[in-house]
Protein chains: 2
Amino acid sequence: MAAWGERLAGVRGVLLDISGVLYDGGEGGGAPIAGSVEALARLKRSQLKVRFCTNESQKSRGDLVGMLRRLGFDISEGEVTAPAPATCLILKERGLRPHLLIHDGVRSEFDQIDTSNPNCVVIADAGEGFSYQNMNKAFQVLMELENPVLLSLGKGRYYKETSGLMLDVGPYMKALEYACGIEAEVVGKPSPEFFKSALREMGLEAHQSRALVSHDA
Amino acid sequence: MAAWGERLAGVRGVLLDISGVLYDGGEGGGAPIAGSVEALARLKRSQLKVRFCTNESQKSRGDLVGMLRRLGFDISEGEVTAPAPATCLILKERGLRPHLLIHDGVRSEFDQIDTSNPNCVVIADAGEGFSYQNMNKAFQVLMELENPVLLSLGKGRYYKETSGLMLDVGPYMKALEYACGIEAEVVGKPSPEFFKSALREMGLEAHQSRALVSHDA
């Protein structure tokens, strides 16, 4: 207990990953990790600020939070930092119009974004959407740009579902990088900017927080 | 002409790439590149030995040669060095039983190979076969192996079809490398071993030959 006390000295907030920390996804919405519902409830009862920092990009924040609440977690949409809203900010700031290679479940996050005459590609964990045809289309869009810009929502290698390991967005980001001879810009963990934005939303500095993330983040 | 004469001094043979040198693939079998049918005919009439060295891995050599003959090229199956037969030799030598992520058009080249209880993955230009499901299966096979072995038939970034640029096997090789944290073994160009095997089949040394390859080989 003393060791934990020392490690937590000065800490005022906790950033929690979701997939692999609170639950494992899968058929029927996945399953909570043993003890995580109660652990979150205890954190919420403590003096610590709690925020969720996820690379989830198959679902909108609304759908994600709804699913987690049904599993018993005490969580609200405003407590979640996720790559899709962060990407929308970047697109607007830089006047970028994306070709989207994303999962239908997260498409609503991009409702306000101009996708006509694309001048960049946004790639996220598209799951079955990573068909050859869709990958080739994203590749062709990039090859036609004078300055190809590829934004990737995370760069995870794989994640665990109840049915087994599943390829995440990272391998497909690498595929497009190699095909086009470019380097993607990663929005989401492990980008320092992404963690900083979560801290800003908590009103804390880095030394005042600890992050609990899954092994692949 | 003098410059060419000097560059060809001592040269006794020519290795020719096929896609991008003799023809561009595409709907209906593709189209010969202007002048290539006659250029090959002239080479064949010369004193030079001619051999074809291709990374084509969507078709068996028999199907490839049949298609090229219909386009007017003077070519026979025994004159072609291709990655699939070279891979079969490696698999047999090393006792490897592959999970195949390949195009149906080249599957017949692997008819004599034991694919039960796989202990490696062979990846080739699978085209539409590069679905998320098929990539995930290859990934899962690799992750379950103690010593994951990935053989890739070439590592081309993309190739040109009459309808536009198409992703080749290289990006998908990179995706699996990143997902599994491994490095693939490339069978085919630009592997020196592959060029050497083509030279052996011509009975020539490297200094006695020149290779004409497409930009992405």
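Residues numbered from 1 in each chain as written. Chains lettered and ligands numbered in written order. Predicted model: local features only at pLDDT ≥ 70, side-chain atom pairs only at ≥ 80, totals over all residues. Heavy atoms only, no water.

Description of the packing of aromatic side chains
Part 1 of the reasoning: Enumeration according to the criterion identifies 6 aromatic pairs over all chains in this entry.
Part 2 of the reasoning: Ring plane angle 45° and centroid distance 5.4 Å describe the contact between A:Phe139 and B:Tyr158, whose orientation is recorded as tilted. Of this pair, A:Phe139 sits in helix α5 (residues 132-143) while B:Tyr158 sits in strand β9 (residues 158-161), which puts the two residues in different chains. For the pair A:Phe139 and B:Tyr158, one class covers both residues: buried.
Part 3 of the reasoning: Each ring, one from B:Phe130 and one from B:Tyr172, has its centre 3.9 Å from the other, and the planes form 5°; the classification is stacked. Of this pair, B:Phe130 sits in the loop between β7 (120-123) and α5 (132-143) while B:Tyr172 sits in helix α6 (residues 169-180), placing them 42 residues apart in sequence.
Part 4 of the reasoning: Relative accessible area serves as the criterion here: at 0%, B:Phe130 is assigned to the buried category.
Part 5 of the reasoning: Accessibility expressed as a relative area gives 0% for B:Tyr172, which makes it buried. (Phe/Tyr/Trp six-rings, centres within 6.5 Å; stacked < 30°, edge-to-face > 60°. Helix = DSSP H or I, 4+ residues; strand = E, 2+ residues; numbered from the N terminus. Buried < 20%, exposed > 50% of the residue type's maximum accessible area, 1.4 Å probe, protein only.)

Concerning the packing of helix α6 (residues 169-180) of chain A against α6(B)
Part 1 of the reasoning: Where α6(A) contacts α6(B), the two axes come as close as 8 Å, and the packing angle between them is 140°. Between α6(A) and α6(B), the crossing angle belongs to the class labelled oblique. The handedness of the crossing between α6(A) and α6(B) comes out as right-handed. Between α6(A) and α6(B), the contacting residues are A:Gly170, A:Pro171, A:Tyr172, A:Lys174, A:Ala175, A:Tyr178 and A:Ala179 on the first element and B:Gly170, B:Pro171, B:Tyr172, B:Lys174, B:Ala175, B:Tyr178 and B:Ala179 on the second.
Part 2 of the reasoning: Of the residues assigned to the contact of α6(A) with α6(B), the class counts are 10 nonpolar, 2 polar and 2 charged. (Axes fitted to C-alpha atoms, helices over the stretch in contact; angles between N-to-C directions. Parallel < 35°, antiparallel > 145°, perpendicular 65-115°, else oblique. Left-handed = near helix turned anticlockwise from the far one by under 90°. Contact = heavy atoms within 4.5 Å. Nonpolar A, V, L, I, M, F, W, Y, C, P; charged D, E, K, R; others polar.)

Let's talk about the interface of chain A and chain B
Part 1 of the reasoning: Across the boundary between the two partners, chain A contributes 28 residues, which contact 29 residues of chain B.
Part 2 of the reasoning: For the pairing of chain A and chain B, the buried interface totals around 2,500 Å² over both sides, and the portion due to carbon and sulfur atoms is 66%.
Part 3 of the reasoning: The largest contributions to the chain A side of the interface with chain B come from A:Tyr132, A:Leu167 and A:Tyr178, which together make up 33% of the buried area.
Part 4 of the reasoning: Summed over the shared surface of chain A and chain B, the number is 0 salt bridges. (Buried area = accessible area lost by both parts, 1.4 Å probe. Salt bridge = Lys/Arg side-chain N within 4 Å of Asp/Glu carboxyl O.)

Points about the sheet that holds strand β1 (residues 13-16) of chain A
Residue and element names in this part refer to chain A.
Part 1 of the reasoning: Spatial strand order, β5-β4-β1-β12: 4 strands in an open sheet with parallel pairing. Each of the sheet's edge strands pairs with one partner strand only, and the pair in question is β5 (80-81) and β12 (209-212).
Part 2 of the reasoning: Examined bridge by bridge, β1 and β12 share 4 bridges and lie parallel to one another. Its bridge partner lying in β12, Gly-13 is registered against Ser-209.
Part 3 of the reasoning: Along the sheet, helix α2 (residues 36-45) makes contact with β1 and β4 (49-53), crossing β4 at roughly 135°.
Part 4 of the reasoning: In this fold helix α7 (residues 192-202) packs onto β1, β4, β5 and β12, with an angle of close to 145° to the strand it touches most, β4. (Pairing = 2+ DSSP bridges.)

Some thoughts on α2(A)
The periodicity of an α-helix, 3.6 residues per turn, causes residues three or four positions apart to be oriented the same way.
All names here are of chain A.
Part 1 of the reasoning: For α2, the set of buried residues is Ser-36, Leu-40 and Leu-43. Taken around the axis of α2, the buried residues stretch over an arc of 60°, which confines them to a single face. α2 presents Arg-42 and Arg-45 as exposed residues on the side facing more than 90 degrees away from its buried surface.
Part 2 of the reasoning: Buried residues along α2 sit against β1, β3 (31-32) and β4. (Arc of directions from axis to C-beta.)

Points about the nonpolar core
Part 1 of the reasoning: The biggest cluster of nonpolar side chains holds 50 residues, and the ones touching the most others in it are A:Phe130, A:Met135, A:Tyr172, B:Phe130, B:Met135 and B:Tyr172.
Part 2 of the reasoning: Counting residues in each nonpolar core, the second largest holds 18 residues, with A:Leu16, A:Leu22, A:Tyr23 and A:Leu43 among its members. (Core = buried A, V, L, I, M, F, W, Y, C linked by side-chain atoms within 4.5 Å.)

What to know about the packing of α5(B) against α6(B)
All names here are of chain B.
Part 1 of the reasoning: Between α5 and α6, the least distance of the axes is 10 Å, while the angle of their chain directions is 40°. Compared by their axis directions, α5 and α6 come out oblique. Crossing geometry of α5 relative to α6 is assigned as right-handed. Taking contact as the criterion, the partners of Met-135, Ala-138, Phe-139, Leu-142 and Met-143 in α5 are, on α6, Tyr-172, Ala-175, Leu-176, Ala-179 and Cys-180.

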